[in-house]
Number of protein chains: 2
Amino acid sequence: MSRKQVTLADLAQELGISTATVSRALKDYPDISPATKKRVLELANKLNYRPNSIAAGLRKRESKIIGVIIPSIVNHFFSSVIKGIMQVAYEAGYKVMLCQTDESFEKEVADTRAMFDSRVDGLLVSLAHETDSFDHFKPFFESNVPVVFFDKVPPTLDDVSRVVVDDYKGAFLAVEHMIQQGCKKIAHFRGPQSAYTSRNRNQGYIDAIKKHGLPLDDSLLYDCAHITIEEGQSFAKEVLAQHPDCDGIFTITDAVGLGAMIALKEMGYRIPKDVALVGFSDWEISKVVDPPLSSVSQPSLQMGRQAASILLEEIIATRDEVDYANKNVMLDTKLQIRASSLSKELAV
Amino acid sequence: MSRKQVTLADLAQELGISTATVSRALKDYPDISPATKKRVLELANKLNYRPNSIAAGLRKRESKIIGVIIPSIVNHFFSSVIKGIMQVAYEAGYKVMLCQTDESFEKEVADTRAMFDSRVDGLLVSLAHETDSFDHFKPFFESNVPVVFFDKVPPTLDDVSRVVVDDYKGAFLAVEHMIQQGCKKIAHFRGPQSAYTSRNRNQGYIDAIKKHGLPLDDSLLYDCAHITIEEGQSFAKEVLAQHPDCDGIFTITDAVGLGAMIALKEMGYRIPKDVALVGFSDWEISKVVDPPLSSVSQPSLQMGRQAASILLEEIIATRDEVDYANKNVMLDTKLQIRASSLSKELAV
DNA sequence: AAGCATAACGTAATCGTTTTCGTATATGTT
DNA sequence: AACATATACGAAAACGATTACGTTATGCTT
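Residues numbered from 1 in each chain as written. Chains lettered and ligands numbered in written order. Predicted model: local features only at pLDDT ≥ 70, side-chain atom pairs only at ≥ 80, totals over all residues. Heavy atoms only, no water.

Considering the overall build of chain A
Part 1: When you go through chain A residue by residue, the secondary structure sums to twelve helices and twelve strands.
Part 2: Its C-alpha atoms give chain A a radius of gyration of 27 Å, clearly above 20 Å, the size a compact globule of 348 residues would have.
Part 3: Across its three principal directions, the C-alpha atoms of chain A cover 90 × 40 × 40 Å.
Part 4: Expressed as a percentage of the 348 residues in chain A, the buried residues total 57%.
Part 5: By sequence separation, contacts in chain A at least 24 residues apart represent 72% of the contacts at least 6 residues apart.
Part 6: Counting every atom, chain A has about 15000 Å² of accessible surface; 51% of that belongs to carbon and sulfur. (Helix = DSSP H or I, 4+ residues; strand = E, 2+ residues; numbered from the N terminus. Rg over C-alpha atoms; globule rule 2.2 N^0.38 Å. Buried < 20%, exposed > 50% of the residue type's maximum accessible area, 1.4 Å probe, protein only. Contact = heavy atoms within 4.5 Å. Areas by Shrake-Rupley, 256 points an atom, 1.4 Å probe, with all protein chains shown as cover.)

Side note on the interface of chain A and chain B
Part 1: The partner chain B presents 59 residues to the 59 residues of chain A that form the contact.
Part 2: At the boundary of chain A with chain B, total buried surface from both sides reaches about 5900 Å², with 59% on carbon and sulfur atoms.
Part 3: At the boundary of chain A with chain B, the tally comes to 16 residue pairs in polar contact (both at pLDDT 80 or more).
Part 4: Of all the secondary-structure elements, those providing two or more residues to the side of chain A that touches chain B are α4 (53-60), α5 (76-91), β2 (95-100), α6 (105-117), α10 (229-242) and α11 (254-266) of chain A.
Part 5: Taken together, the residues that form the side of chain A that touches chain B break down as 26 nonpolar, 16 polar and 17 charged.
Part 6: Examined bridge by bridge, β2(A) and strand β2 (residues 95-100) of chain B share three bridges and lie antiparallel to one another. (Buried area = accessible area lost by both parts, 1.4 Å probe. Polar contact = N/O pair within 3.5 Å; in protein donor to acceptor, adjacent residues only side chain to side chain. Nonpolar A, V, L, I, M, F, W, Y, C, P; charged D, E, K, R; others polar. Pairing = 2+ DSSP bridges.)

Remarks on α10(A)
Part 1: With 14 residues, α10(A) extends 20 Å from end C-alpha to end C-alpha; this agrees with the ideal 20 Å at 1.5 Å per step.
Part 2: Every buried residue of α10(A) is listed here: A:I229, A:E231, A:G232, A:Q233, A:F235, A:A236, A:V239 and A:L240. (Expected span 1.5 Å × (residues − 1).)

A word on the side chain of B:R119
Part 1: Inspection of the secondary structure puts B:R119 in the loop between α6 (105-117) and β3 (122-125).
Part 2: There is a polar contact of 3.5 Å between the side chain of B:R119 and the backbone oxygen of A:P51.

Comments concerning the packing of α5(A) against helix α12 (residues 300-319) of chain A
The relative placement of two packed helices comes down to the angle between their axes together with the axis-to-axis distance.
All names here are of chain A.
Part 1: Between α5 and α12, the shortest axis-to-axis distance is 7 Å and the interhelical angle comes to 40°. The orientation of α5 relative to α12 falls into the category oblique. The crossing of α5 and α12 is right-handed. Counting all contacts with α5, which are made through F77, S80, V81, K83, G84, I85, Q87, V88 and E91, the residues of α12 involved are S300, L301, M303, G304, R305, A308, S309 and L312.
Part 2: Classifying every residue of the contact of α5 with α12 by side-chain character gives eight nonpolar, six polar and three charged. (Axes fitted to C-alpha atoms, helices over the stretch in contact; angles between N-to-C directions. Parallel < 35°, antiparallel > 145°, perpendicular 65-115°, else oblique. Left-handed = near helix turned anticlockwise from the far one by under 90°.)

Things to note about the pattern of salt bridges
Working definition: two side chains of opposite charge can pair if their charged atoms are close together.
All names here are of chain A.
Part 1: Per the counting criterion, the structure on display carries 30 salt bridges over all chains.
Part 2: Between K37 and D28 there is a salt bridge whose closest N-O contact spans 3.1 Å.
Part 3: Residue D28 is classed as exposed on the basis of its relative accessible area, which comes to 55%.
Part 4: Between D223 and R190 there is a salt bridge, and its shortest N-O distance comes to 2.8 Å. Of this pair, D223 sits in strand β7 (residues 221-223) while R190 sits in strand β6 (residues 186-190), placing them 33 residues apart in sequence.
Part 5: With relative accessibility at 15%, the residue R190 sits in the buried group. (Salt bridge = Lys/Arg side-chain N within 4 Å of Asp/Glu carboxyl O.)

Thoughts on the protein's contact with DNA strand D
Part 1: Of all residues adjacent to DNA strand D, which total 28 residues, the nearest are A:L8, A:Y49, A:R59, B:T21 and B:R61.
Part 2: For DNA strand D, a phosphate oxygen lies 2.6 Å from a polar atom in the side chain of A:Y49.
Part 3: B:S33 has a polar backbone atom sitting 2.8 Å from a phosphate oxygen of DNA strand D.
Part 4: Sorting the residues of the surface near DNA strand D by element identifies α2 (19-26) and α4 of chain A together with α2 (19-26) and α4 (53-60) of chain B as the ones contributing at least two each.
Part 5: With four residues, the single largest contributor to the surface near DNA strand D is α4(A). (Near = heavy atom within 4 Å.)

Examining the protein's contact with DNA strand C
Part 1: Taken together, 29 residues sit near DNA strand C, with A:T21, A:R61, B:L8, B:K27 and B:R59 positioned nearest.
Part 2: Restricting attention to atoms of DNA strand C within 4 Å of the protein, one finds that 66% of them are sugar or phosphate atoms.
Part 3: Contact distances for DNA strand C include 2.8 Å between a phosphate oxygen and a side-chain N or O atom of A:S18.
Part 4: Contact distances for DNA strand C include 3.4 Å between a phosphate oxygen and a backbone N or O atom of B:N52.
Part 5: For the surface near DNA strand C, the elements supplying multiple residues, two or more each, are α2 and α4 of chain A together with α2 and α4 of chain B.
Part 6: The leading source of residues in the surface near DNA strand C is α4(B), at four residues.
Part 7: Broken down by class, the residue content of the surface near DNA strand C amounts to eleven nonpolar, nine polar and nine charged.

Describing the sheet that holds strand β10 (residues 294-297) of chain A
Residues and elements named next belong to chain A.
Part 1: Spatially, six strands are ordered β7-β6-β8-β9-β10-β12 in an open sheet, and the strand pairing comes out mixed. Two strands bound the open sheet, and with one partner strand each, they are β7 and β12 (334-336). Here the average twist between neighbouring strands, direction ignored, is 15°.
Part 2: Bridge count between strand β9 (residues 276-280) and β10: three bridges; the pairing is parallel. Of the residues in β10, the one forming a bridge with F280 is V296.

Here is the structure:
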């Protein structure tokens, strides 16, 4: 059996009044008598009437849906961002439509198109790795549908809102902290330099080294292609073979940091006495490994909430035909200092 | 400025033909001349025409959206399930609308209602912890909108499809394995017994103990309320204080198992020589900790794909007005045997 | 009593597509 | 020549809710 549904017309017919009156009664308009409202409400409850938001959406030209496009969902950072987005959306009465690009440009284009066809009221995007052209967002711009980028944002696009994390500062403070704790030769297991965030963290590392007069040495930079635990393990072995006097490692993310920790312990190095270790992203597991891993925490939930709030403001502004200025928000990271990088003298 | 959009009528007027012809030309209907098709296609491209799927949805009475309701998204298991769902949905041309209940019954009810109002073509649900009544799904049943439950499924509802993991068997095989490796006294750090899955794992533990003639001892059962690393740590200390001869621990999930591992090492126990350890869920980190943690892996991606596939089949069947039988799928777990539980005699 | 305001509802257009019937012209058949 | 068959398109009615305009009946003012 196929679908059947209760409509305004059903209620109207049953009550012998017009659909207009039923609609207004349900919306509690002032020019409907209390008696009629009561009758409508009761019948609606009895028949389990539920408004068809597709029909309402067509008429009102809004879907009450916001689209979210992310590279990957199986990822603590992104899933937290989505949680933040969904919180804000729910509070404002919006639903969330989700797509995952798997870092593929083509999928991103297809997803963007699908979102537009669904007439989402606004779009939240974190770009795929491969993405370096932005024409697929043009339909949104031309139709005045707000788009807010977060985390991985387009470098060239000018008139859009963005929410990012201050990767540079996070990395800078992490490395500076390591130097202050006595590190003299710090390696950096960095991410792919095609990625915006990875570049910023790399630059933070470099500037901290420079500021404190330590020598810059490119052979202390190791490129993680996949950002895995395994890469952390192998690079840890590599760096200490090439640089036996390396006494600190700063990693692009905790996965790599944890891998390095495992390898260092296997090789018999003491952390932080022989080699200090600082990661990025502050995974849940990091605070309970042995020793607890210092890490730069990113406000992922906050990022989702901020991005969604900005988007909703822009949606409202667009609907009410008022101008708005694009926002560029940079969220602060926080260095979580733990035993893996604590003062070498004090450490056991 | 508000929204403006290109419609079929715009194309029709520009070309001096009817909207019906334009619509059919775009859908490549056979009774439209190649010349007209070409003209339409070209203008559509030029004006960047994109069909309004809200309007189409209203007319065709389908949204091409499937709703997904889960307790939590910041969770490796659930985010993997969602990934699986999105893969299948994308291949079939469906979009995904997502809600998170945060384990709250009231939120689940509100989300279910929102999904229905959005006229999703089908619904995928993993129930909230608190949920023990199912009336909120009635509108779906009454309107013949397919619903498929996964992971946390309703015990009482009869005529719905379900996809679950064989927790019982997974736990049974894990504990049996520990016994075969020489464990004589195995503790179980179990989950809240209000949860279906936790109960099944608990029963698997009990039956394996029984089958192999080991004594059952309720004081070896520890109740994790929050399923955290910290609980694993504190219970590990507790159990070895109360039962110095405990030589194996099976935990409700890897978080707890990893916590136990940390505490055991701190206290100077060797793993697995003194105490063997097996977790559940097979976290990514588990294969690289020291020693690698044995764990029961759940096919999370597979679960998402299966649930989505079944839902799509039911959507098609409903649309074509053919009957379908509800499915009950139980997915197999797989015991990943690693050093943390390997034969005590062989272990170092 | 004429005029006006107000309360409470109805009519009908509208949103953008899809789809069911047509219809007109051209072509082929006998 | 009469008829059937294709071909290529159009008119108009859906889909269900919203809303700009009416409209009617009643009460109130002066």
